[in-house]
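Below, each chain spelled out in residue letters.
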Amino acid sequence: MQASALNYDVLIIGGGFAGMSVALLLADSHISVGLLTKKSLEESASMMAQGGIAAALSPEDSPQRHAEDTLAAGAGLCKPEAVDLLVRHSKECIDWLTDYGVTFTSSDVRADTLPHLTREGGHTRRRVVHSEDATGAAIITTLESQIRAHAHIQSLEDRIVVDLITDESGTCLGAYVLDKPGSTVQTVSARVVVLATGGASKIYLYTTNPDTSTGDGIAMAWRAGCRVANMEFVQFHPTCLYHPHAKSVLISEAVRGEGGYLIRPDGSRFMHEHDERTELAPRDIVARAIDYEMKKGGYDCVYLDIRHKPATEILRAFPNIARNCEQFGIDITREPIPVVPAAHYTCGGIVTDLQGATDLSGLYAIGECAWTGVHGANRLASNSLLECNVFAAAAHDRILSDLERLPRADRSLPHWDESRVTDADEQIVVSHNWDELRRFMWDYVGIVRTNKRLERARHRVELLREEISEYYGNFKVTNDLIELRNLVQVAELTIVSAMSRKESRGLHFNKDYPDTLPDDQAADTILIPRCTP
Ligand code: SIN
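Residues numbered from 1 in each chain as written. Predicted model: local features only at pLDDT ≥ 70, side-chain atom pairs only at ≥ 80, totals over all residues. Heavy atoms only, no water.

1. Let's talk about the sheet that holds strand β3 (residues 53-54)
Item 1. Strand order in the open sheet formed by three strands is β3-β5-β4, and the pairing between neighbours is antiparallel. Edge positions in the open sheet fall to β3 and β4 (117-118), since each of these has one partner strand only.
Item 2. Sheet analysis places β4 next to strand β5 (residues 128-129), joined by two bridges and oriented antiparallel. The residue bridging Thr-118 from the neighbouring strand is Val-128, located in β5. (Pairing = 2+ DSSP bridges. Helix = DSSP H or I, 4+ residues; strand = E, 2+ residues; numbered from the N terminus.)

So, in structure tokens, the structure goes:
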């Protein structure tokens, strides 16, 4: 046993909006905070968020209506108390960000008081506060400078956590962290660890997410003994740019909110054939409709068409989307945008209470990696940035009281033992398995599932898990190996959850069980470590 190299009151793993929010809130109480990110603070899924933050600010709106829309999108599985917490604090979230200096696009009508509110699928009112079409970037760049300047926050960038450190009583004591490639694994101790690691959409071949969305927090928490819930509910965003050279280029739902149509290659609209809310139906319905049209017509993609709006209006509302598309030779004011659905958001995650507490003492989870029940079977658009901040604030209150009773983190923790492993001989094993996993998840556990496809996926994931676990046991850890091990774990949790749901609901559609059980029989899928895979 040796003394820990790094020691914090609170170690936050993940530097997106949830991690940054809780870091700033805690550090303002003079608590020592380590904020660990896999890449730099500017790289996260939050940074890429386009649409905005749902907040019932308009006189025609109310938190009650926002709650109703959230519950409707969630298809019978939202926890009303979590939804209530979310919608009640949306104005505080906007005020908190405004106080930090985030600028939101203002309304032409009441520029001084009311931000411009855009509309997205599933919202019955204009409700989405935004910063042009790059809301995440406006938030993250503003908070990043605050984090870097804060005396009580140490940023630990370009590091990845291998695993959490726990004791026999199930208390989390810190984490093993791999520093730069080729370096050794460090022991970081903390009185409280907060997982804010985001989602796991990289388990799929096509995703709107950055490369870092590998489900690390969910996999680590599961291995440490936490329950995980509702992993079958993977949200596919209906409109990701379809282009051979484009990787993860999202076309915001706000384009449909401001009047964009979905059309087939022959120019005909189709959403009215699928849902009376047409292009503004909730995401599960729109993504499934596109999947249906593509399969029926044999198309590679469908198109999102906003050409009927004046070019000045389009460019004012969507300057970044226009620039992104232009890079691929598409002028969105003159031609329709080729789009396909892609994995976007993990609605399931680590089971927590409304203050982010997990099953382990000293371990919290917030944001996309957590499951509070707020999103049910399908997340309402633009509720995710809001969730990051609201649940960070709720966790902050509880962590402060925890810190009063938990001992200081100056215990000696066992160091990482590399005595029985050697340098990896074949990196190809890792990259091959990574590709295989993401491809069969796309083919077998995608927007439309069947029992047979899920069986196939389960068989393959078990083989991969065994192979990767053997590799992990024999060779020194690397970034790619750590992420692959997590991806396989989360993919398996997703498949097992999908297989155990004997109905179709929200984002989970199984052709062999096309009906939805009555809402009084709706149940969450809760997986318990050591009982399930
Ligand atoms: C979008 O702009 O369409 C994404 C917003 C979200 O995922 O809530």
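Let's pick the thread back up.
2. Section: the sheet that holds strand β12 (residues 261-263)
Item 1. Taken together, the four strands give an open sheet; going across it, the order is β11-β14-β13-β12, and neighbouring strands pair in antiparallel fashion. Only two strands of the sheet have a single partner each, and these edge strands are β11 (234-241) and β12. Strand-to-strand, the axes of this sheet are offset by a mean angle of 45°, without reference to chain direction.
Item 2. In the sheet, β11 pairs with strand β14 (residues 337-346) via six bridges, with the strands oriented antiparallel. Counted as the bridge partner of Phe-236 is Ala-343 from β14.
Item 3. Relative to β11, helix α9 (residues 283-297) is tilted by about 60°, and along the sheet it contacts β11, β12, β13 (302-305) and β14. (Axes fitted to C-alpha atoms, helices over the stretch in contact; angles between N-to-C directions. Contact = heavy atoms within 4.5 Å.)

3. What about the site of the ligand?
Item 1. The full set of residues close to the ligand is Gln-50, Gly-51, Glu-120, His-237, Leu-250, Ser-252, Glu-253, Arg-283, His-344, Arg-379, Ala-381 and Ser-382.
Item 2. Arg-283 is positioned such that a nitrogen or oxygen atom in its side chain is 2.9 Å from an oxygen atom of the ligand.
Item 3. Residue Ser-382 places a main-chain N or O atom 2.7 Å away from an oxygen atom belonging to the ligand.
Item 4. Protein contact buries 95% of the 260 Å² of open area that the ligand shows by itself.
Item 5. Of the residues belonging to the shell around the ligand, the class tally is two nonpolar, six polar and four charged. (Near = heavy atom within 4 Å. Polar contact = N/O pair within 3.5 Å; in protein donor to acceptor, adjacent residues only side chain to side chain. Areas by Shrake-Rupley, 256 points an atom, 1.4 Å probe, with all protein chains shown as cover. Nonpolar A, V, L, I, M, F, W, Y, C, P; charged D, E, K, R; others polar.)

4. A look at the packing of aromatic side chains
Item 1. This structure, assessed with the given rule, holds seven aromatic pairs.
Item 2. Considering the side-chain rings of Trp-96 and Tyr-100, the 4.7 Å spacing of their centres and the 70° angle between planes classify their relative orientation as edge-to-face. With Trp-96 and Tyr-100 both in helix α5 (residues 90-100) and four residues apart, the pair spans about one turn of that helix.
Item 3. The class of Trp-96 is buried, set by a relative accessible area of 17%.
Item 4. The exposure class of Tyr-100 is buried, given its relative accessible area of 18%.
Item 5. Summarising the aromatic geometry, the rings of Tyr-471 and Phe-475 are spaced 4.7 Å apart at their centres and angled 55° between planes, so their arrangement reads as tilted. You'll find Tyr-471 and Phe-475 in the same group, each marked buried.
Item 6. Through a chain of ring-to-ring contacts, the aromatic side chains of Tyr-204, Tyr-206, Phe-236 and Trp-442 assemble into a single cluster.
Item 7. Lying over the aromatic face of Tyr-345, Arg-379 brings its terminal NZ or CZ to 4.1 Å of the ring centre. (Phe/Tyr/Trp six-rings, centres within 6.5 Å; stacked < 30°, edge-to-face > 60°. Buried < 20%, exposed > 50% of the residue type's maximum accessible area, 1.4 Å probe, protein only. Lys NZ or Arg CZ within 6 Å of the ring centre and 35° of its normal.)

5. Quick look at the state of the cysteines
Item 1. Within this structure, the stated rule accounts for zero disulfides.
Item 2. Just so you know, Cys-172 is unpaired, no disulfide at all, and the nearest cysteine sulfur is the one on Cys-226, 8.4 Å from it.
Item 3. Cys-172 sits in the buried class, given a relative accessible area of 1%.
Item 4. The buried category is assigned to Cys-226, whose relative accessible area is 0%. (Disulfide = S-S within 2.5 Å.)

Taken by themselves, the reported measurements are silent on function.
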